[in-house]
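Given next are the chains, with one letter for each unit.
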Amino acid sequence: EKGGYDYFMLKEIAEQPRAVADTLLGRIDPSGSLTLDEVRISPSELREIDKVVIVACGTAFHAGLIAKYAIEHWTRIPCEVELASEFRYRDPILDGRSLVIAISQSGETMDTLMALRHAREQGSKVLAICNTNGSTIPRESDAVLYTHAGPEVAVASTKAFLTQLVACYLVALYLGQVRGTKWGDEIQAVIKDLSRISEEVERVLETMEPVRALARTLASKNTVLFLGRHVGYPVALEGALKLKELAYMHAEGFAAGELKHGPIALIEEDLPVVVVVPSPRGRSVLHDKIVSNIQEIRARGARTIVIAEEGDETVVPYADHLIRIPATPTLLQPLVATVPLQVFACELATARGNEVDQPRNLAKSVTVE
Ligand code: M6R
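Just so you know, these numbers come straight off a predicted model, no measurement behind them. (Residues numbered from 1 in each chain as written. Predicted model: local features only at pLDDT ≥ 70, side-chain atom pairs only at ≥ 80, totals over all residues. Heavy atoms only, no water.)

How should I be thinking about the sheet that holds strand S10 (residues 321-325) in this particular structure?
Strand pairing in a sheet relies on backbone hydrogen bonds, with the paired strands running either antiparallel or parallel. Here 5 strands make up an open sheet; going across it, the order is S7-S6-S8-S9-S10 and the pairing parallel. The sheet is open, and its two edges are formed by strand S7 (250-255) and S10, each paired on a single side. Across this sheet, the average inter-strand angle for adjacent strands is 20 degrees, counted without regard to direction. Relative to strand S8 (residues 272-276), strand S6 (residues 223-228) runs parallel, the two sharing 3 bridges. By the bridge assignment, Phe226 is partnered in S8 with Val274. Helix H11 (residues 232-247) rests against S6, S7 and S8 of the sheet, and its axis sits at about 175 degrees to S7. (Pairing = 2+ DSSP bridges. Helix = DSSP H or I, 4+ residues; strand = E, 2+ residues; numbered from the N terminus. Axes fitted to C-alpha atoms, helices over the stretch in contact; angles between N-to-C directions. Contact = heavy atoms within 4.5 Å.)

Laid out in structure tokens, this is it:
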């Protein structure tokens, strides 16, 4: 069943290029435009939308945080992302022009279900992004875009996350396409990049041995910090969540710009800090700022584990460990940057003798509030 792997998690990490490709399949037509017929919300309704609200829990929430950058950039529609467990208790402002997107691998997460019920009661349309056919969340939504990750058995979500990202990008690009924003050319180019991205994920998987070796050397550490900016910030949160649930280590993700507002006080000699570096192309300001952040923490003794694009030489002098990822457009980087963090957490869990597929105290789907 595990296809020769020791754990389902390893199998599911390895399946990611296929899962990503399957989630794209049939949704990009040969002319390079998107056909999301399953999204049974008409283009005219989608043109009326004045706000997108994403609700989800855990890893799916991190996918939602990344989706916000994509949706706001390509559509200029304001987008909020909220933990499903917080959402309905604050009486959110919703109406018939709000599109609510509920992201859930299992389709059975109670908090997400209650959030979408609340949204529908307010007259909002709900689009589910879900990996489980016929589960409760898509059944109760107005429309569903299925992710085609296949069954995910390990409690720690990996391939479901990457496919949730793909689905979010598709929705963002589709909204951009339907509403005809000024980013038309960029949207076309990104659709092309997206259609090739599974090969890049494959390339990352081929280079993971040094990441495993590094993880094993950190097995006796108590704390690992993760830093990122822009879409790298939710990636940092996801890396920290994986490490908490699998390695039972204190792991925290921060927006790198927040360092000097508090977290930098945590830096001490030999503390491992993983930094996700944005592409030096595109938004180069972000890149330069994070390189300064790496210098700052290293000067205070941190052991820097830097995830940076191939060809980015500026980070070399400040990286105690350098993990290379392929160049992608800025917004798509999470698809390649998350993979080393999954491998890192899985290997650390193994090195610490933890049960990888069934971490203590956790259930695969959380069907109680
Ligand atoms: O099935 P869902 O996507 O709704 O589940 C949401 C979270 O419970 C889930 O992502 C959880 O955080 C994972 N164990 C993270 O690896």
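There is more to say, and it comes next.
What should I look at first to understand the environment of Ala167 in this one?
Inspection of the secondary structure puts Ala167 in helix H8 (residues 159-179). Linking Ala167 and Val20, residues 147 residues apart in sequence, is a C-alpha distance of 9.3 Å. If we skip the residues at most four places from it in the chain, Ala167 touches Thr23, Ile129, Leu145 and Thr147.

Would you mind showing me how to read empty space enclosed by the protein here?
Empty space among the atoms can be located by rolling a probe the size of a water molecule over them. As enumerated under the stated definition, the model contains 3 cavities of 30 Å³ or more in all. Roughly 50 Å³ of volume is contained in the largest cavity. For the largest cavity, the full set of lining residues is Leu36, Val39, Ile41, Leu46, Leu99, Leu127, Val171, Tyr174 and Leu175. The element contributing the most residues to the lining of the largest cavity is H8, with 3 residues. (1 Å grid on protein atoms, 1.4 Å probe; cavity = no way out; pocket = protein on both sides within 12 Å on 5 of 7 lines; lining within 4 Å. Points joined across faces, edges and corners; volume = space filled by probe spheres on them.)

For this particular structure, what's the right way to read the site of the ligand?
Around the ligand there are 13 residues in total, and Ser104, Gln105, Ser106, Thr109 and Glu245 lie nearest to it. Contact between the ligand and Lys242: an oxygen atom at 3.1 Å from a side-chain N or O atom of the residue. Bound to the protein, the ligand loses 91% of the 420 Å² it would expose on its own. Taking a 2 Å distance to the grid points as the criterion, the majority of the atoms of the ligand fall inside the largest pocket. Looking at the shell around the ligand, the elements with two or more residues in it are helix H4 (58-75) and H11. With 3 residues, H4 is the single largest residue contributor to the shell around the ligand. Of the residues that constitute the shell around the ligand, the class distribution is 4 nonpolar, 7 polar and 2 charged. (Near = heavy atom within 4 Å. Polar contact = N/O pair within 3.5 Å; in protein donor to acceptor, adjacent residues only side chain to side chain. Areas by Shrake-Rupley, 256 points an atom, 1.4 Å probe, with all protein chains shown as cover. Sits in = over half its atoms within 2 Å of the grid points. Nonpolar A, V, L, I, M, F, W, Y, C, P; charged D, E, K, R; others polar.)

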